[in-house]
Amino acid sequence: MSEEKEALLNASSRVAFAAFLPMLGELFSRAQLPQASLSQRQKKKNKKKKGKNKRKHKQHSLDPLATAMQALATPFPHLTDHAIAPFSSWNQADDKHSMFSVAQQASVSESFLQQLIAIARHLALGLEQQDFQQEHASQKNKEYRKKQVTLLEQIHINASSAKTQPSSLRYRYALKPLSPEAIFPVLATKYESYKPQQSIQEYPTLWNNFQGALEKIPQSHQQNLSLWLDHFETLCGTYAHSAPITPQKNTLADISLYDHAKTTAALATALWRYHHETNTETVSELDKAWDEKKLLLIQGDFFGIQAFIFANGGASNKKAAKLLRGRSFYVSLLMECAALRLLDALSLPSTSQVLNAAGKFMIIAPNTPHTVTALNRVQRQFDQWFLAQSWGQSGIGLAWEAASCSDFSHHRYRKLITRLYQRLDIVKHQRLNLCDSTTPAPTVFENYLDSINNQQGVCQIDGRSPAITEQDGIWVGQLAEDQINCGRFIVKDELKRLLITRNKLDQRGRQYDLQLDLFGYHIRFTKEKSQGDQFATLAKQHQLLRAWDFSLPESKTAALWNGYARRNINSYVPWFDDPSIDEEKQGKYAGCDDNEFGINRVKSFTHLACEDKQFDGSQWRGNSALIALKGDIDNLGAMFQGGLETTSIVKMAALSRQINNFFAVYLPWLCQSDERFKNTYTVFAGGDDFFLIGSWQSQINLARQLREDFKRYVAENKQIHFSVGLSMNKPSVPVSYLADMAETSLESAKNHNPKQDKILPKNAVSCFGICMPWDDFVALEQREQALDRFKNDYGLSTGYIYGLLDLVDMKEAIHDDPTKSIWHAYFAYRTRRLLERDKKLNESQRHTHYQYLAKKISAEGIEKYGEAYKVALFTHLYKHRY
């Protein structure tokens, strides 16, 4: 990076950091910590410094932000008066251009930078220009004790139902650090309190934890502000995700301090850059041009994710599980690196990226000729990479839309986003820019035959790329090798960090490098703690661009913070955790093509297929099969376009983050922590969808559990739901086929609408090729359990169960053929014959038992559920198959 670009990035990072500072002052103010104790703590720190850093300027000692910053000064970056542009100083008193003054006066307009950040805070909330001069609502202590209202509970997309009134909102977010448990809302009646002493105690605890957590950021990273800022943003998201901003009059406390600070930082940075690059850094220029298109909203989208993850065509199905988890991780890594490539090209910090989930990202940038030129250059770089590595099957497209400050108001933001999506749709149909007459078309297969002939033929994984290396007896291409290695690295306990650098690192640790560069960046997986902070020099030289923690949660309640910026891009994979697999247990896996069962060994698909077998004392029974479980949220577009009565960029960012957290944070934790679901591969889980592969019965149960947990997650809002498709297959089936079948099953669920309701269909399940509403699918678990009891109590035979399947078909055919109503007689005959086999029963007892079975199987099974009852019958058959 040139000195000029580095200086611009550092200046942009300082603007972003200044936008986060009011959040710290607010948190400290609510904590109401005694200043005496802070002074003692600060004196102790200053004493250790032996007076070397004695302050030369008058301090803002009475201001909460100033006092908070004194407490946090040691772990902060080295911001000195000779390296503080665009501010005039760090914290000099009576200087309205200092960073402190700008952050302290974020709601007034005494200087250009003060007004710029004030406007950004205003735009983030979607307020109108005429409201800008109005002061924010006074921040009284009673507001501090109110808990954050959920956005998800407010979603309303069904015009035929009544809207939820603000007074009837029942859920709040607990004031706790981000964790798998803390992302769920809780009932206000059980949590929210207006007793001052009881409620205020939460903020001191939060602040003290935040202060201790800040010191975990590697000290050497303070010398690289953009790198440090990425860590700091994760820290803020961990500890302020559920601390609400003080709401304005007639509004709800439904926006967190973190979400507001992050979107403010993105907007403020882009606004400053616009005025800096156009040489208009004056208050008058800020005031007069609210309708001038100063900003660009940039959307990145991964086209062809399915084709990329499930690509096949090679002669080998080896390493299917490892390849699958590696490709899923690789997709997330590609999107992160794509966003970084764009930020790097524009000299913008990580905080300018307001969204990144489910193969999409959004960045706010200045609307200048330089930005547009850089966008076109980066797009060409993306196209070249995907043409070379995926042969045009996938790609990342960029779309952008110019926006004025007024476009971010409540009344205009939806239209702005609609225009952006329309541009993205055009880009999607012009992917890879192959038909652009203004630039020469790239040669996709240049020297292809020569490379194939000079190597070992084609890759035996994707069937297209030149094979360059051998892995366990098969020849693979460079991309396949990296994807397999990703699948290998992410399950190693000692590898919990990922480094992104400009240049390849030295030989030490190179066994954990990826061979391909990702848009010019180099990737290394590394241990949780670097010995002696070996990357300090790289950080100082700006060669280390990002250092991410991708570890899975350690516990249900532990804060998701380990001192590094966090990316929830890892997936749970099942392991063997039993140190001894005796001969009896090995019989469970009879017929597997993989007979290695060592502890901490990742289970193969053939292992997973056997995991639902049960030992009956003499042999293992149960079907050996996998189920691919795929689902996504219904009507997501309607949720974002009109689900909230008033919308803004901060609400959309918060809503996207919250939806993503259920699938990216909670779902892997559920699979990791619950014994019932440990035999599950989370192929991908994030954004609004998920794709899982696991032992067949555990996936059925997991689908039901996810549905119940999601209801709680969305605050029991009946208008937010997801549909799923479950497809059952043998483990030898190619993964691409599993994915296709799961997708077909999901589409069937999405189209299930027996009442022909034109308003918001879906909210359904497709299992064993049968579609049904969620409530039926959940209730059928009791029917499955009843059949198991009847087998033990009455000796239900396999033939009897198959006969019930025929009766279900007859019942469903009555509409077209009334003679099929004779199924009742068939049921009576077969059930009585079944009971007659038990010679211990007299006629009266047989009659009683017949009446009971007729009620439970015929009335409460076949009659009530129709074809859906087959799910209970199939499940029973597969569980008891030998």
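Refer to the structure above for everything that follows.
Residues numbered from 1 in each chain as written. Predicted model: local features only at pLDDT ≥ 70, side-chain atom pairs only at ≥ 80, totals over all residues. Heavy atoms only, no water.

**Q** For this particular structure, what's the right way to read the overall build of the protein?
**A** Across its full length, the protein carries 30 helices and 21 strands. Counting all 882 residues of the protein, 58% fall into the buried class. Once local pairs closer than 6 in sequence are excluded, the contacts in the protein between residues at least 24 apart make up 71%. Of the roughly 37300 Å² of accessible surface on the protein, 47% is carried by carbon and sulfur atoms. (Helix = DSSP H or I, 4+ residues; strand = E, 2+ residues; numbered from the N terminus. Buried < 20%, exposed > 50% of the residue type's maximum accessible area, 1.4 Å probe, protein only. Contact = heavy atoms within 4.5 Å. Areas by Shrake-Rupley, 256 points an atom, 1.4 Å probe, with all protein chains shown as cover.)

**Q** Is there a simple way to think about helix 26 (residues 774-794) in this case?
**A** Every α-helix winds through 3.6 residues per turn, so residues three or four apart in the chain are directed the same way. Here helix 26 contains 21 residues, and its C-alpha end-to-end distance of 30 Å stays within 8% of the 30 Å for a straight helix at 1.5 Å per residue. When we look at burial in helix 26, the residues that qualify are W774, F777, L780, R783, E784, A786, L787, D788, F790 and Y794. Note on helix 26: the residue one or two positions beyond its end, G795, has a positive phi of about 70°. (Expected span 1.5 Å × (residues − 1).)

**Q** What am I meant to see in the packing of helix 28 (residues 823-836) against helix 29 (residues 843-865) here?
**A** Two quantities define a packed helix pair, namely the angle between the helix axes and the distance between the axes. In the contact formed by helix 28 and helix 29, the axes pass within 10 Å of each other and the chain directions differ by 140°. What the angle tells us is that helix 28 and helix 29 run oblique. Seen along the crossing, helix 28 lies across helix 29 with a hand that is right-handed. Taken together, the residues of helix 29 that come into contact with helix 28 (itself represented by W823, H824, F827, A828, T831, R832, L835 and E836) are R846, H847, H849, Y850, L853, A854, I857, S858, I862 and E863. Among the residues making up the contact of helix 28 with helix 29, the classes are represented as nine nonpolar, five polar and four charged. (Axes fitted to C-alpha atoms, helices over the stretch in contact; angles between N-to-C directions. Parallel < 35°, antiparallel > 145°, perpendicular 65-115°, else oblique. Left-handed = near helix turned anticlockwise from the far one by under 90°. Nonpolar A, V, L, I, M, F, W, Y, C, P; charged D, E, K, R; others polar.)

**Q** Help me understand the nonpolar core in this model?
**A** For soluble globular proteins, the rule of thumb is that nonpolar side chains tend to be buried together. One finds F76 and F232 to be the most contacted residues of the largest nonpolar core, which totals 171 residues. Among the elements that make up this core, the one with the highest residue count is helix 23 (residues 649-673) (15 residues). With residues near it in sequence (within four places) discarded, F232 still touches F17, F20, L24, F76, F210, L214 and I217. Formed by 75 residues, the second largest nonpolar core is a distinct cluster that contains A365, I396, L516 and F684. (Core = buried A, V, L, I, M, F, W, Y, C linked by side-chain atoms within 4.5 Å.)

**Q** Honestly, the pattern of salt bridges in this entry has me stumped. Any pointers?
**A** Opposite charge on two side chains permits pairing when their charged atoms draw close. Counted under the stated rule, the structure contains 41 salt bridges. Salt bridges sharing partners connect three or more residues here, namely D291, K293, E401, D407, R412, R419 and R423. (Salt bridge = Lys/Arg side-chain N within 4 Å of Asp/Glu carboxyl O.)

**Q** Got a minute to help me understand the sheet that holds strand 7 (residues 395-403) in this structure?
**A** Whenever strands of a sheet pair, they do so through backbone hydrogen bonds, lying parallel or antiparallel. Here we have four strands laid out as an open sheet, ordered 5-6-4-7, and antiparallel in their pairing. Unpaired on one side and paired on the other, strand 5 (353-357) and strand 7 mark the two borders of the sheet. Averaged over all pairs of adjacent strands, the angle between their axes in this sheet comes to 20°, without regard to strand direction. Helix 23 contacts strand 5 and strand 6 (360-366) of the sheet and is inclined by roughly 30° relative to strand 5. (Pairing = 2+ DSSP bridges.)

**Q** Would you mind going over the pairing of strand 17 (residues 680-686) with me for this structure?
**A** In terms of burial, strand 17 is a largely internal element, seven of the seven residues being buried. By the bridge criterion, six bridges tie strand 17 to strand 18 (residues 689-695) in an arrangement that is antiparallel. Counted as the bridge partner of T682 is L692 from strand 18. Counted between consecutive antiparallel strands, the loop separating strand 17 from strand 18 contains two residues, among which G687 sits at a positive phi close to 65°.

**Q** Looking at this structure, how should I read the side chain of S98?
**A** One can find S98 in the loop between helix 3 (64-72) and helix 4 (99-104). On the basis of relative accessible area, S98 is assigned to the buried category, the value being 0%. Here the side chain of S98 touches S101 through a polar contact of 3.0 Å, side chain to side chain. In contact with S98, other than residues within four places in its own chain, are F87, S88, S89, W90, N91 and Q92. (Polar contact = N/O pair within 3.5 Å; in protein donor to acceptor, adjacent residues only side chain to side chain.)

**Q** Could you clarify how one ought to interpret the sheet that holds strand 1 (residues 148-149) in this entry?
**A** Ordered in space as 1-2-3, the three strands form an open sheet in which the pairing is antiparallel. The outermost strands of the open sheet, each flanked by one partner alone, are strand 1 and strand 3 (186-187). Sheet topology places strand 1 next to strand 2 (residues 171-173); two bridges connect them, and they run antiparallel. Looking at strand 2, one finds that Q148 is bridged to Y173.

**Q** Honestly, the environment of F605 in this entry has me stumped. Any pointers?
**A** Residue placement: F605 occurs in helix 21 (residues 605-609). Excluding residues that lie within four positions of it along the chain, F605 makes contacts with A320, A321, L324, L626, Y681, I693, P731 and V735.

**Q** Please explain helix 3 as it appears in this structure.
**A** For helix 3, the buried fraction is high: seven of the nine residues fall into the buried class. Among all positions of helix 3, only L65, A66, T67, A68, M69, A71 and L72 are buried.

**Q** Is there a simple way to think about unusual backbone geometry in this case?
**A** Cis geometry is found at the peptide bond from A85 to P86, where omega equals 10°. Along the polypeptide, P86 turns up in the loop between helix 3 and helix 4. Although it is not a glycine, A715 sits at a positive phi angle of roughly 60°. Examined against the element boundaries, A715 turns out to sit in the loop between helix 24 (696-713) and strand 19 (722-729). A715 sits in the buried class, given a relative accessible area of 3%. Backbone geometry at F768 places phi at a positive 55°, although glycine is not the residue there. Along the chain, F768 falls in the loop between strand 20 (764-767) and strand 21 (770-773). On the basis of relative accessible area, F768 is assigned to the buried category, the value being 19%.

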